[in-house]
Amino acid sequence: MKLIKLDAIDSTNDFLKGLASKQDLENFTVVTAESQSKGKGQMGAVWTSEKSKNLIMSVLIKNILYNIDSIFNLNIAVSLAVISVLEKYQIPKLSIKWPNDIMSDNKKIGGILIENSIKSDGSIFSIVGLGLNVNQTNFENLPKASSLACVSATSFNISILIQEIVSEMKEKTNNWPDSNSLHTKLYTQYLFKKEVPTAFSLPNGSAFMGIIQGVSSTGKLKVLLEDDTIQEFDIKEIQMLY
C-alpha cells in the first residue's frame, strides 16, 4: 500500500480528499498523522487526540461501490475489519455502536467517518477516516471514552495496527458484493445494545424506549418500539442515550 506519513495536519480525510482530486492515486492509499487539529466525527462532532498516542488515518477506497444505494455496505466492511484486528489482540467486549463507533464494553475506543464522492462517470470513491484510541490513557472530561491500552493494560505498535487494519479492509471488500449478506449478519451481531431495552432521543428532545433489531439495507437503524412496531431511523433522526 502507498503510505503517506504526516506529522501534524488539520484533517487526514481532507488532505487525502484533496490529493485524490488532483491525481490518480492507487487504491488503498493511506494517510496517517501524529496529530490533527480538525478531526471529524459523525454529525460534525470533533475528535481530539494526544500526539503520537493514537491511530489517525484515512484510506482511499475505490472501484468497490457502483451503486449509491449500497454505500452503507462499506461502513459495514470497514467496521468489521477494525473489529477483526482488535479481536486478535483480545480486546474485551467489542461491539459497534451504530453506525460505526467501535466500543469496548460501554466505552468508545474508536470512530469511523466515511466520506463518499461520485465522479462524473458515476463511479464512487470513498475516503475512510479512522480514529482509534490506542496508547492514550488520560480521558479527563471524556467519561465515555477509553483506549486499547486502558482496556488491556498493555501498549501497542501503531504502525503494525495500521498495516493490519488496511489488510483487513482489503480482505473484507474482496469479492464484493458476494460477501455482503455475511458481512451484514456479522455487523448485526456486533451491534451495541442489540436486543437490549435502550433509551433514545429525537431531535425535538423527546425520549422513548426501544430495542435495536438491526439495520436496513441502506443503513438505517431498525428499532422495535413499545407498540410492537419496527421503525427505521437515519443518523440525524435518533440518538442513543446510555
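Everything below is about the structure shown above.
Quantities reported herein were computed from a predicted structural model and do not represent experimental measurements. (Residues numbered from 1 in each chain as written. Predicted model: local features only at pLDDT ≥ 70, side-chain atom pairs only at ≥ 80, totals over all residues. Heavy atoms only, no water.)

Caption draft 1: The sheet that holds strand β14 (residues 239-241), seen in detail. Pairing in this open sheet of 5 strands is antiparallel, and the strands run β13-β12-β11-β10-β14 from one edge to the other. Looking at the sheet topology across the chains shown, the edges are occupied by β13 (230-233) and β14. Taken over all neighbouring pairs, the strand axes of this sheet differ in orientation by 50 degrees on average, direction set aside. Of the strand pairs in this sheet, strand β10 (residues 197-201) and β14 are connected by 3 bridges, and their pairing is antiparallel. Bridge pairing links F200 to M240 in β14. (Pairing = 2+ DSSP bridges. Helix = DSSP H or I, 4+ residues; strand = E, 2+ residues; numbered from the N terminus. Axes fitted to C-alpha atoms, helices over the stretch in contact; angles between N-to-C directions.)

Caption draft 2: Layout of the layout of surface pockets. The volume enclosed by the second largest pocket comes to roughly 420 Å³. In terms of lining, the second largest pocket is formed by 15 residues, of which the most central are I71, F72, N75, T218 and D234. Looking at the lining of the second largest pocket, the elements that each hand over two or more residues are α2 (72-88) and β8 (107-118). (1 Å grid on protein atoms, 1.4 Å probe; cavity = no way out; pocket = protein on both sides within 12 Å on 5 of 7 lines; lining within 4 Å. Points joined across faces, edges and corners; volume = space filled by probe spheres on them.)

Caption draft 3: The nonpolar core, seen in detail. Among the nonpolar cores identified, the biggest contains 57 residues, and L55, M57 and M169 are the most heavily contacted of them. Here this core takes 11 residues from α2, the largest share from any one element. Ignoring anything within four residues of it in the chain, the contact list for M57 reads T12, V30, V31, T32, V128, G129, L130, I162, I165, V166 and M169. Among the nonpolar cores identified, the runner-up in size contains 13 residues, and L16, V31, A33 and L60 belong to it. (Core = buried A, V, L, I, M, F, W, Y, C linked by side-chain atoms within 4.5 Å. Buried < 20%, exposed > 50% of the residue type's maximum accessible area, 1.4 Å probe, protein only. Contact = heavy atoms within 4.5 Å.)

Caption draft 4: Quick peek at the packing of aromatic side chains. Using the criterion set out here, one finds 5 aromatic pairs in the structure. Taking the centre distance of 5.3 Å and the plane angle of 75 degrees together, the rings of F192 and Y242 count as edge-to-face. Here Y242 lies in the segment after β14 and F192 lies in the loop between α5 (180-189) and β10, a separation of 50 residues in the sequence. For F192, a relative accessible area of 5% puts it in the buried group. Ring geometry for F208 against F233: centres 5.8 Å apart, planes inclined by 25 degrees, an arrangement best described as stacked. Remark: F233 occurs in strand β13 and F208 occurs in strand β11 (residues 207-215); sequence separation between them is 25 residues. When sorted by exposure, F208 lands in the same class as F233, which is buried. In this structure an aromatic cluster arises from ring pairing among F200, F208 and F233. Sitting over the face of the ring of Y242, K144 holds its NZ or CZ atom 4.3 Å from the ring centroid. (Phe/Tyr/Trp six-rings, centres within 6.5 Å; stacked < 30°, edge-to-face > 60°. Lys NZ or Arg CZ within 6 Å of the ring centre and 35° of its normal.)

Caption draft 5: View of the sheet that holds strand β5 (residues 55-62). If you trace the 7 strands from one edge of the open sheet to the other, you get β1-β2-β5-β9-β8-β7-β6, paired in mixed fashion. For this open sheet the edge positions go to β1 (3-9) and β6 (94-97), each flanked by a neighbour on one side alone. Here the strands of the sheet are splayed against their neighbours by 20 degrees on average, with no regard to which way each runs. On top of the sheet, helix α1 (residues 12-22) reaches β1, β2 (30-36), β5, β8 and β9 (124-132); it is set at about 30 degrees to β5, its chief contact. Each of β2, β5 and β9 touches helix α4 (residues 158-173); the most contacted strand, β5, lies at about 25 degrees to it.

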